[in-house]
Amino acid sequence: MSELARISCVDAATIRRWIHRGALKVPPIGRGRNRAYTPWQAIHVAIIADMSRMGLPITGKGADLSLALLGYVRNRVARDGDVSEMGPVSLTIVPDADDWGIRPDEWMLTGESCITIGVGLIVGRVAERFEPA
């Protein structure tokens, strides 16, 4: 947990609280056992932290949104091999759906209100602090 906190720049108590609230889902491992976290989970924690700082919900649909943003990052890595060209994404409200739409920065917005999340910067910050074992 301490290494996840260091890499994601989110303190361990906050991560535990997010796990308890359902913002971050981790499989149970049993009592007294150490959990191994992945770089993807560190990126996910950093995404949730940015969402929380912006006042976005991080549970319920907010948890789904953070997973969708993580999925976008994973897709870009699978497609491009890295995230060096990944920029921010824009979140727009889907009319009459009470839900968010995710648009990569390279898609032109047509005057819609949006919230921009710098996923490329988030991933870059996590990658700088990650030291493979």
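Participant: Account for the overall build of the protein chain, naming residues and giving values.
Facilitator: Assigned secondary structure in the protein chain consists of 5 helices and 3 strands. In the protein chain, which comprises 133 residues, the share counted as buried stands at 38%. In the protein chain, once contacts between residues fewer than 6 apart in sequence are set aside, the share between residues at least 24 apart is 55%. Summing over all exposed atoms, the protein chain offers an accessible surface of approximately 8,000 Å²; the carbon and sulfur share of this is 53%.

Participant: I'd like a rundown of the nonpolar core, residues and numbers included.
Facilitator: The biggest cluster of nonpolar side chains holds 34 residues, and the ones touching the most others in it are W18, M51, L69, I117 and V119. At the level of elements, α1 (2-8), α2 (12-21), α3 (39-53), α4 (61-80), β1 (89-94) and α5 (119-129) are the ones that each hand at least two residues to this core. Sort the elements by how many residues they give to this core and α3 lands first, with 8 residues.

Participant: Tell me about the pattern of salt bridges, residues and numbers included.
Facilitator: Applying the stated criterion to the full structure yields 5 salt bridges. With its nearest N and O atoms 3.7 Å apart, the salt bridge here joins R125 to D50. Of this pair, R125 sits in helix α5 while D50 sits in helix α3, and the two are 75 residues apart along the sequence. Salt-bridge contacts for R79 lead to D80; the nearest nitrogen and oxygen are separated by 2.8 Å. In this structure, a network of salt bridges that share partners links the residues D50, R53 and R125.

Participant: Give me the lowdown on unusual backbone geometry, citing residues and values where you can.
Facilitator: Phi at C9 is positive, roughly 60°, even though this residue is not glycine. Here C9 lies in the loop between α1 and α2. C9 sits in the exposed class, given a relative accessible area of 53%.

Participant: Break down the packing of α3 against α5 for me, citing the residues and quoting the values.
Facilitator: Two elements in contact, α3 and α5, have axes whose closest approach is 9 Å; the angle formed by their N-to-C orientations is 130°. With respect to α5, the axis of α3 lies oblique. Classified by chirality, the crossing of α5 by α3 is right-handed. Residue-level inspection shows A42, I43, A46, I47, D50 and R53 of α3 in contact with α5, the latter providing I122, V123, R125 and V126.

Participant: Kindly report on α2, identifying the contributing residues and their values.
Facilitator: For α2, every residue scored as buried is listed here: A12, T14, I15 and W18. On an axial view of α2, the arc spanned by its buried residues comes to 160°, and they lie on one face. Packing partners of the buried residues in α2 comprise α1 and α3.

Participant: So, α5: which residues are in play, and what are the values?
Facilitator: Taken as a whole, α5 has its buried residues at V119, G120, I122, V123, V126 and R129. For α5, the elements touching its buried residues are α1, α3, α4, β1 and β3 (115-117).

Participant: Mind laying out the pairing of β1, listing which residues take part and the relevant values?
Facilitator: In this structure, β1 lies alongside strand β2 (residues 99-104), joined through 6 bridges in antiparallel fashion. When the bridges of β2 are listed, V94 appears paired with D99. Here β1 folds back onto β2 in antiparallel fashion, the turn holding 4 residues, of which D96 has a positive phi close to 60°. Direction of pairing for β1 relative to β3: antiparallel, over a ladder of 3 bridges. Counterpart to L91 in the pairing with β3 is I115.

Scoring rules and cut-offs
Residues numbered from 1 in each chain as written. Predicted model: local features only at pLDDT ≥ 70, side-chain atom pairs only at ≥ 80, totals over all residues. Heavy atoms only, no water. Helix = DSSP H or I, 4+ residues; strand = E, 2+ residues; numbered from the N terminus. Buried < 20%, exposed > 50% of the residue type's maximum accessible area, 1.4 Å probe, protein only. Contact = heavy atoms within 4.5 Å. Areas by Shrake-Rupley, 256 points an atom, 1.4 Å probe, with all protein chains shown as cover. Core = buried A, V, L, I, M, F, W, Y, C linked by side-chain atoms within 4.5 Å. Salt bridge = Lys/Arg side-chain N within 4 Å of Asp/Glu carboxyl O. Axes fitted to C-alpha atoms, helices over the stretch in contact; angles between N-to-C directions. Parallel < 35°, antiparallel > 145°, perpendicular 65-115°, else oblique. Left-handed = near helix turned anticlockwise from the far one by under 90°. Arc of directions from axis to C-beta. Pairing = 2+ DSSP bridges.

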